[in-house]
Amino acid sequence: MSEEPTVSLVDVLEEDEELEEEASAVLGGSDSDHCSYPQGYVKRQALYACNTCTPKGGEAAGVCLACSYKCHEGHDLFELYTKRNFRCDCGNRKFAGLQCKLFPEKEDGNSLNKYSHNFFGVYCTCSRPYPDPDDQVEDEMIQCVVCEDWLHGRHLGCAVPDCVELQEMICDSCMNRNAVLRTYADHLAAPVQVKEETEAEEPKTKLPRKEEKDDDLTQPSLKRSCEEAEPSCKLKEMQTTGQKRVQSGAAFWPSGWRSKLCSCSTCEESLSGAGVSFLLDESDTVLAYESKGRNTEPTPQGRDPLMSALDRLNRVQQLDIIHGYNDMKSELKDFLQRFAEEGKVVTSDDIRQFFEQQQSRKRRRVDVEAFYCA
Ligand SMILES: [Zn+2]
Ligand SMILES: [Zn+2]
Ligand SMILES: [Zn+2]
Ligand SMILES: [Zn+2]
Ligand SMILES: [Zn+2]
Ligand SMILES: [Zn+2]
């Protein structure tokens, strides 16, 4: 009915910048210039393990983002994405020949750090590297929010739902270690869904967060009176009502699920005894960390933010989001190139089509990866 609106290159780049922001948010919550050691055990930060300095066979160690750049330049680094409650090890006694350039005055060790096989470059219950040269199956790695290991979608023991990036996953062995989580899963975890290729993906920016009202499970927050009033234990209520579901496999949790866990003193104590009290803390999530990154100034001064984002991206091997981002980046360039060559104007429809293609490509990839496993 009306003329098709045209889109300037600026519009395209703005759209692109949003994606870029998305990608740099992953590292943006971490400081790329200063060793994080003086901050102690950081609530959540990007971490690396150095295969050159602390190879397999020795003691595991992890270094902060800034140290990965400044002290381990050119070394063989494993990208660990983010982990919670970790203090930088760079240059401590685990590093035979290396002194930290940023904060050399470190004590011997960081006794509260938790290490896993990730620090030696292997992941999942199958203990394989990622990417895995001997594995041709394209599969998504998903991080367990409890043990923080990365698992193959096909090794979770459950179907991988749509929009996994919006959900938190707890792996089978962590579920088994914490029996109450099965009860919570019966009531809160995402119902296993059948995938639908056509359904549009939810835009990331519209994440329902805290303020989201829950449909059937909302209880008034009774933290104060919990101690004296037994029935206000949300867990007890859940234990006495409702359906039992699958008792094995990993669980996927919708956003906002942490706020529905009971935080009465008994529950708090037992979660803390099991070392998982962080589940009561919504700011512990990767999403919270990433949005912190988005709100701060993540790129060094005086550099093209695009180039520094790409610099960073090149270092990252394990991160699907960033792989996807780089793919899209070059595809977007090719796409624009075509228009330039043909002397055509890029319309908003063209752009929409481009992003729709991207989305469906991504969706298809996820579809291929997701299947039930016994
Ligand atoms: Zn450091
Ligand atoms: Zn190193
Ligand atoms: Zn260092
Ligand atoms: Zn695996
Ligand atoms: Zn786990
Ligand atoms: Zn309780």
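Cut-offs applied
- Residues numbered from 1 in each chain as written.
- Chains lettered and ligands numbered in written order.
- Predicted model: local features only at pLDDT ≥ 70, side-chain atom pairs only at ≥ 80, totals over all residues.
- Helix = DSSP H or I, 4+ residues; strand = E, 2+ residues; numbered from the N terminus.
- Buried ≥ 20, exposed ≤ 12 C-beta atoms within 10 Å, placed from the backbone.
- Contact = placed C-beta atoms within 7 Å.
- Arc of directions from axis to C-beta.
- Pairing = 2+ DSSP bridges.
- pLDDT = per-residue confidence, 0-100.
- Core = buried A, V, L, I, M, F, W, Y, C linked by C-beta atoms within 7 Å.

**Observations concerning the overall build of the chain**
Part 1 of the reasoning: When you go through the chain residue by residue, the secondary structure sums to 10 helices and seven strands.
Part 2 of the reasoning: Put simply, the chain has 374 residues, and 30% of those count as buried.
Part 3 of the reasoning: If you take every contact in the chain between residues at least 6 apart in sequence, the share linking residues at least 24 apart comes to 73%.

**A closer look at the environment of A46**
Part 1 of the reasoning: Mapped onto the secondary structure, A46 falls in strand β1 (residues 42-50).
Part 2 of the reasoning: When the C-alpha positions of A46 and S30 are compared, they lie 6.1 Å apart, and in sequence the two are 16 residues distant.

**A word on helix α4 (residues 179-188)**
Part 1 of the reasoning: Within α4 the residues assigned to the buried category are L181, Y184 and A185. Buried residues of α4 fall within an arc of 110° about the axis and therefore sit on the same side.
Part 2 of the reasoning: Against the buried residues of α4 lie β6 (168-170), α3 (172-177), α5 (234-240) and β7 (251-253).

**Concerning the pairing of β1**
Looking along a regular strand, one sees the side chains alternate between the two faces of the sheet.
Part 1 of the reasoning: With eight of nine residues buried, β1 lies mostly within the body of the structure.
Part 2 of the reasoning: Alignment of β1 against strand β3 (residues 77-86), held across seven bridges, turns out to be antiparallel. Considered in β3, the bridge of A49 is made with F78.
Part 3 of the reasoning: Bridging between β1 and strand β2 (residues 63-64) involves two bridges; their strand directions are antiparallel. Across the sheet, L47 pairs through a bridge with C64, a residue of β2.

**Let's talk about the sheet that holds β1**
Part 1 of the reasoning: Taken in spatial order, the three strands line up as β2-β1-β3 in an open sheet, and their pairing is antiparallel. Strands at the two margins of the open sheet, each flanked by one partner only, are β2 and β3.

**Focus: the confidence of the model for the chain**
Part 1 of the reasoning: Predicted confidence across the chain gives a mean pLDDT of 76, with 66% of residues reaching 70 or more.
Part 2 of the reasoning: Mean pLDDT across the elements of the chain ranges from a minimum in helix α8 (residues 305-315), with 44, to a maximum in β2, with 96.
Part 3 of the reasoning: Ignoring residues within four places in sequence, the model shows residues 193-229, a span with pLDDT below 50, making 39 contacts including any to other chains.
Part 4 of the reasoning: Long-range and interchain partners of residues 362-374, a stretch whose pLDDT sits below 50, account for 22 contacts in this model, where long-range means more than four residues apart.

**What to know about unusual backbone geometry**
Part 1 of the reasoning: Put simply, Y130 and P131 share a cis peptide bond, and its omega is -5°.
Part 2 of the reasoning: With respect to the helices and strands, the residue P131 is situated in the loop between β3 and β4 (141-143).
Part 3 of the reasoning: Unusually for a residue other than glycine, Y81 sits at a positive phi of about 60°.
Part 4 of the reasoning: Relative to the elements of secondary structure, Y81 occurs in strand β3.
Part 5 of the reasoning: Positive phi outside glycine occurs at N85, with the angle close to 50°.
Part 6 of the reasoning: Its place among the elements puts N85 in strand β3.

**Things to note about the nonpolar core**
Part 1 of the reasoning: Among the nonpolar cores identified, the biggest contains 34 residues, and C144, M169, I170, C171, A250 and A251 are the most heavily contacted of them.
Part 2 of the reasoning: Of all the elements in the fold, those that place two or more residues in this core are β5 (150-152), β6, α3, α4 and β7.
Part 3 of the reasoning: Each residue touching M169, except ones within four places of it in the same chain, is listed here: I142, C144, V145, A250 and F252.
Part 4 of the reasoning: Core analysis: the next-biggest nonpolar cluster, separate from the first, contains 26 residues, C35, Y48, C71 and L77 among them.

**Quick notes on the environment of L235**
Part 1 of the reasoning: Following the sequence through the fold, L235 ends up in helix α5.
Part 2 of the reasoning: Residues L235 and L181, 54 residues apart in the sequence, show an inter-C-alpha distance of 9.9 Å.
Part 3 of the reasoning: When sequence neighbours within four positions are dropped, the list of residues in contact with L235 reads V180, T183, C262 and C267.

**Considering the environment of H72**
Part 1 of the reasoning: When you line up the elements, H72 lands in the loop between α2 (65-70) and β3.
Part 2 of the reasoning: Sequence-distant contacts of H72, defined by excluding residues within four places in its chain, comprise C50, C53, V63, C67 and L77.

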